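# Working through the structure, step by step
Here are the chains, one letter per residue:
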2 protein chains.
Amino acid sequence: MFRINENFLKLQSGYLFPEIGRRVQAYAAANPEAPIIRMGIGDVTQPLPAACIAAMHEAVDELANSTTFRGYGPEQGYAFLREAIAEHDYHARKVNIQADEIFVSDGSKCDCGNILDILGAGNRIAICDPVYPVYVDTNVMAGNTGKVHDGGRYGNLVYLEMREENNFEPPLPAEPVDVIYLCYPNNPTGMVASRESLRRWVDYALEHRSLILFDAAYEAYISDPELPRSIFEIEGAERVAIEFRSFSKTAGFTGVRCAFTVVPKALDVTSSDGTTVSLHSLWHRRHTTKFNGASYPVQRGAAAIYSTEGRQQIRDLIQGYMRNAATIREGLAEAGFRCFGGVHAPYVWLKTPDGMSSWEFFDDLLSRCHVVGTPGSGFGAAGEGYFRLSAFNSHTNTVQAVERIMSAYALKS
Amino acid sequence: MFRINENFLKLQSGYLFPEIGRRVQAYAAANPEAPIIRMGIGDVTQPLPAACIAAMHEAVDELANSTTFRGYGPEQGYAFLREAIAEHDYHARKVNIQADEIFVSDGSKCDCGNILDILGAGNRIAICDPVYPVYVDTNVMAGNTGKVHDGGRYGNLVYLEMREENNFEPPLPAEPVDVIYLCYPNNPTGMVASRESLRRWVDYALEHRSLILFDAAYEAYISDPELPRSIFEIEGAERVAIEFRSFSKTAGFTGVRCAFTVVPKALDVTSSDGTTVSLHSLWHRRHTTKFNGASYPVQRGAAAIYSTEGRQQIRDLIQGYMRNAATIREGLAEAGFRCFGGVHAPYVWLKTPDGMSSWEFFDDLLSRCHVVGTPGSGFGAAGEGYFRLSAFNSHTNTVQAVERIMSAYALKS
């Protein structure tokens, strides 16, 4: 009889977004007139930049003609895209990442999960709490955790708590860890990392020979040019880190699907027989064996955001969302909420009022303001008592939602 | 120090297609005037059907407008595509597969590899020889094999040899196996399976509680309506099989990227604690956690092939390639080659003449006819002395290549 991967049986049911959906649906059924505004899920709402649209049409037309038709492309991505990424995302910031260290894919969620394929059993994994749930679930599937305990934490994982008391900075692990997931600008807290903060992690990894998995999906939202946008802006990181980036939040590609992962050639490790193994070569083998390249029209669309018009269009797109973030942050602060993030990220993280639990505030906000957000406890135990609001919406909706919240919760008065 | 997955170190270097590329490049450099015709790699060459082009343009335009914009779609695929697949590929052939048993993805290569995520350690794996190398390599990565032996075979894998003597029908395993990879119409041999042949495998799997991983990427090339196009046309298969299908070879999507996997709800297994576990629920969890849906315009393009025009256009496309296959098969047979396949598949498998090895014939064919094919030994030890020619080309090129072969090799005379 064949055997299944029983690590899957340790997974808790995907609770957060289905439960949000269930509660919103029940509320809407009971209150069909309620003008609900959704600021829960982190999905973009604005159309694709015009440069991407034009490039995708052109690529589709190429596929209609036998002289310009393209079949299988390089699994790692077309040179036109990898070179544009290397030039604009790295060389322009004086970061020495080459085109052949970049692997184009169909999404960061996939890459973050798939990266575990090249890592071995027995690694001690550190994740922040609160955290993007995919890091946790994929480690459960890979057998890197024990069973779940009360409170939803898994055995063997090392949780780095981010709370108001530590300014949402994850502390260095008390015990040595092998793999560390970091996400900056952070989902869900909306906080950003300073150069010193990243320096501390790179030093830790160099000292302990740990691997940093750095998720930079929201880097385009960093507005201060002095802040690092890539882990590779920190000297030595090319020997300890893999970076994940995505066009999803940068250019509205959540439904179009394009991302990339950077595995520097300087990143290596000693295998059990003492030989030096390059992680770049392992990921290259994984990527070319289990993936067949991102869609050609999609890669053309992604490359178009590096054109002069494309860069201006994504700046405008991001400014629009960041204007929403400012509206949320300022309005809620005025109403007396304690708010965090939202300056270099499209998320505002707030302390629930009056000691409400995350889910109590969810229900309260829904019934009093018809606004949907995300309970912080859904991102981990340390998120209890917090709440995430997303800036991914139209400005009109955002203003309306904030006005409703300000009039319902006048916490200062 | 972090640890890597050392199973990757067992992998032999990706030998076949790079080596073909190297030899062709060297030949072309030495003979710049040689009019080389490539019939090696299994990649389509003809433009996308007009219905797909129109649907993709329309979908791209939807993404340009805020009222029709779509962000994240369902990870399993949009209902419009899953329902079209269920209706046309299954219900139309009286196969009871429902839309929610279908998982849309970005490629069968990915699905064939990723499926191992839900299977446990300790499964005994059977693969045919010759075989599509991805089945082997992904099992090496997952730790399901021992080290490689002389001749390129991995320990612990059970190889089912397909040779002229058994009409290229893989024999039932001599020892019990847990997982069996089958591919029909077959790559590389171009042979097809009869109903009785598949019945035998389903019976074997039901008796031994084995899992069949059925790759039907070339099903659209089956021209006899009596032949099974899906493993699920065999009663009981829904309790033992997972099926992989792709739009790559059906509609020219090798660069566009769309495929699907069918995991029936009736497929379950007993876990080590005696509970019954549904493979559908495991794959659902894997797919929604480590994948984020295929690109929206791509899914619209795929759905368009199920329209009335779309179905006619893919019939024409496939007939064009099958006309090439007939040209190859008949021309080579006339020249005295022993040829197989090519009736319900775009590949012709041939015995090399005069006892040449696969690579000897590769060089001979390249230098005498300027035609590139694929050495059978690249697909496994049992492929030695065989050779694959692909029908994916223009008809003009195919006719020219066959004429050259016929005049260079007059084996009967």
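Quick caveat: nothing in here was measured; it's all calculated off a predicted structure.

Below, the discussion takes up the pattern of salt bridges. Two side chains bearing opposite charge may form a pair once their charged atoms approach each other closely. What the rule picks out here adds up to 52 salt bridges over all chains. Note that Glu233 of chain B is salt-bridged to Arg93 of chain B, the shortest N-O span being 2.7 Å. On the criterion of sequence distance, the pair formed by Glu233 of chain B in the loop between strand E6 (211-215) and strand E7 (241-246) and Arg93 of chain B in the loop between helix H3 (79-90) and strand E2 (102-105) is long-range, its members being 140 residues apart. Among the residues examined, Glu233 of chain B registers a relative accessible area of 16% and is labelled buried. When its relative accessible area of 24% is taken as the criterion, Arg93 of chain B is described as partly exposed. Taken together, the shared-partner salt bridges in this structure form one network comprising Asp89, Glu219, Arg229, Glu243 and Arg245 of chain A.

If you rotate chain A by 180° and push it 0.0 Å along the axis, it lands on chain B with an RMSD of 0.0 Å. On this basis, the relationship between the two copies can be described by a two-fold rotation axis. Taking the C-alpha atom as reference, chain A places His57 of chain A closest to the rotation axis, 3.1 Å from it. Comparing interface residues between copies, 100% of those in chain A also sit at the interface in chain B, which points to an isologous, same-surface contact.

Let us look at the sheet that holds E7 of chain B. Residue and element names in this part refer to chain B. The seven strands lie next to each other as E2-E8-E7-E6-E5-E3-E4, forming an open sheet whose pairing is mixed. Taken across any chain shown, the strands that pair with only one partner, and hence form the sheet edges, are E2 and strand E4 (158-161). Shown here is a sheet whose adjacent strand axes are inclined to one another by a mean of 20°, direction ignored. The sheet contact formed by strand E3 (residues 125-129) and strand E5 (residues 179-183) spans two bridges and is parallel. Bridging from a neighbouring strand, Ile125 pairs with Val179 of E5.

The next thing to look at is unusual backbone geometry. Glycine aside, residues mostly have negative phi, and peptide bonds are mostly found in the trans state. All names here are of chain A. The amide bond that connects Tyr184 to the next residue, Pro185, takes the cis arrangement and shows omega of -15°. Relative to the helices and strands, Pro185 resides in the loop between strand E5 (179-183) and helix H6 (195-208). Even without being a glycine, Asn156 presents a positive backbone phi close to 75°. With respect to the helices, strands and loops of the structure, Asn156 is situated in the loop between helix H5 (133-141) and strand E4 (158-161).

Here we take up the domain arrangement of chain A. All names here are of chain A. Domain parsing of chain A yields domain 1 (11-47 + 309-407) and domain 2 (52-307). Domain 1 and domain 2 are separated by 26 Å when their C-alpha centres are compared. On the domain 2 side, the residues contacting the 33 residues of domain 1 number 43 residues. The junction of domain 1 with domain 2 conceals about 3,000 Å² of combined surface from both sides, 60% of it contributed by carbon and sulfur atoms. Counting across the domain 1 and domain 2 interface gives one salt bridge. The salt bridge involving Arg338 is made with Glu164; its shortest N-O contact spans 2.7 Å. Elements supplying a minimum of two residues to the side of domain 1 that touches domain 2: helix H10 (308-334), strand E11 (339-341), strand E12 (347-351) and strand E15 (386-390). Examining the composition of the side of domain 1 that touches domain 2, we find that eight residues originate from one element, H10, more than from any other.

All names here are of chain A. Buried residues dominate E15, accounting for five of its five residues. What you see with E15 is no split at all: Tyr386, Arg388 and Ser390 on one side and Phe387 and Leu389 on the other are buried throughout. In terms of strand pairing, E12 meets E15 through five bridges, oriented antiparallel. Each residue of the ladder has a partner; that of Lys351, found in E15, is Tyr386.

Right, let's get into the interface of chain A and chain B. Taken together, the contacts link 82 residues of chain A with 82 residues of chain B. When chain A packs against chain B, close to 6,800 Å² is buried across both sides, 61% of that on carbon and sulfur atoms. On the chain A side of the interface with chain B, the three residues burying the most area are Phe2, Tyr72 and Arg285 of chain A, jointly 12% of the side's total. Its salt-bridge partner being Asp137 of chain A, residue Arg285 of chain B comes within 3.2 Å of it at the nearest N-O pair. Applying the counting criterion to the chain A and chain B interface returns 43 residue pairs in polar contact (both at pLDDT 80 or more). Sorting the residues of the side of chain A that touches chain B by element identifies helix H2 (50-63), helix H4 (108-114), H5, strand E9 (268-270), helix H8 (279-290) and helix H9 (296-304) of chain A as the ones contributing at least two each.

Residues and elements named next belong to chain B. Interaxial distance between helix H2 (residues 50-63) and helix H9 (residues 296-304) falls to 8 Å at its minimum, and their mutual angle equals 150°. Relative to H9, the element H2 lies roughly antiparallel. Crossing hand, H2 versus H9: right-handed. Contacts from Ala51, Cys52, Ala55, Met56, Ala59, Val60, Glu62 and Leu63 in H2 reach Tyr296, Pro297, Arg300, Gly301 and Ala304 in H9. Residues that form the contact of H2 with H9 fall into these classes: 10 nonpolar, one polar and two charged.

As a further point, take H6 of chain A. Residue and element names in this part refer to chain A. Over its 14 residues, H6 extends 20 Å from the first C-alpha to the last, a length consistent with the 20 Å expected when each residue adds 1.5 Å. Residues of H6 that are buried: Ser197, Leu198, Trp201, Val202, Tyr204 and Ala205. On an axial view of H6, the arc spanned by its buried residues comes to 155°, and they lie on one face. Along H6, the residues that are exposed and aim more than 90 degrees away from the buried face are Glu196 and Glu207. Those residues of H6 hidden inside the fold are in contact with E4, E5 and strand E6 (211-215).

Rules used throughout
Residues numbered from 1 in each chain as written. Chains lettered and ligands numbered in written order. Predicted model: local features only at pLDDT ≥ 70, side-chain atom pairs only at ≥ 80, totals over all residues. Heavy atoms only, no water. Salt bridge = Lys/Arg side-chain N within 4 Å of Asp/Glu carboxyl O. Helix = DSSP H or I, 4+ residues; strand = E, 2+ residues; numbered from the N terminus. Buried < 20%, exposed > 50% of the residue type's maximum accessible area, 1.4 Å probe, protein only. Least-squares fit on C-alpha atoms with pLDDT ≥ 70 in both. Contact = heavy atoms within 4.5 Å. Pairing = 2+ DSSP bridges. Axes fitted to C-alpha atoms, helices over the stretch in contact; angles between N-to-C directions. Domains from an automatic or database assignment. Buried area = accessible area lost by both parts, 1.4 Å probe. Polar contact = N/O pair within 3.5 Å; in protein donor to acceptor, adjacent residues only side chain to side chain. Parallel < 35°, antiparallel > 145°, perpendicular 65-115°, else oblique. Left-handed = near helix turned anticlockwise from the far one by under 90°. Nonpolar A, V, L, I, M, F, W, Y, C, P; charged D, E, K, R; others polar. Expected span 1.5 Å × (residues − 1). Arc of directions from axis to C-beta.

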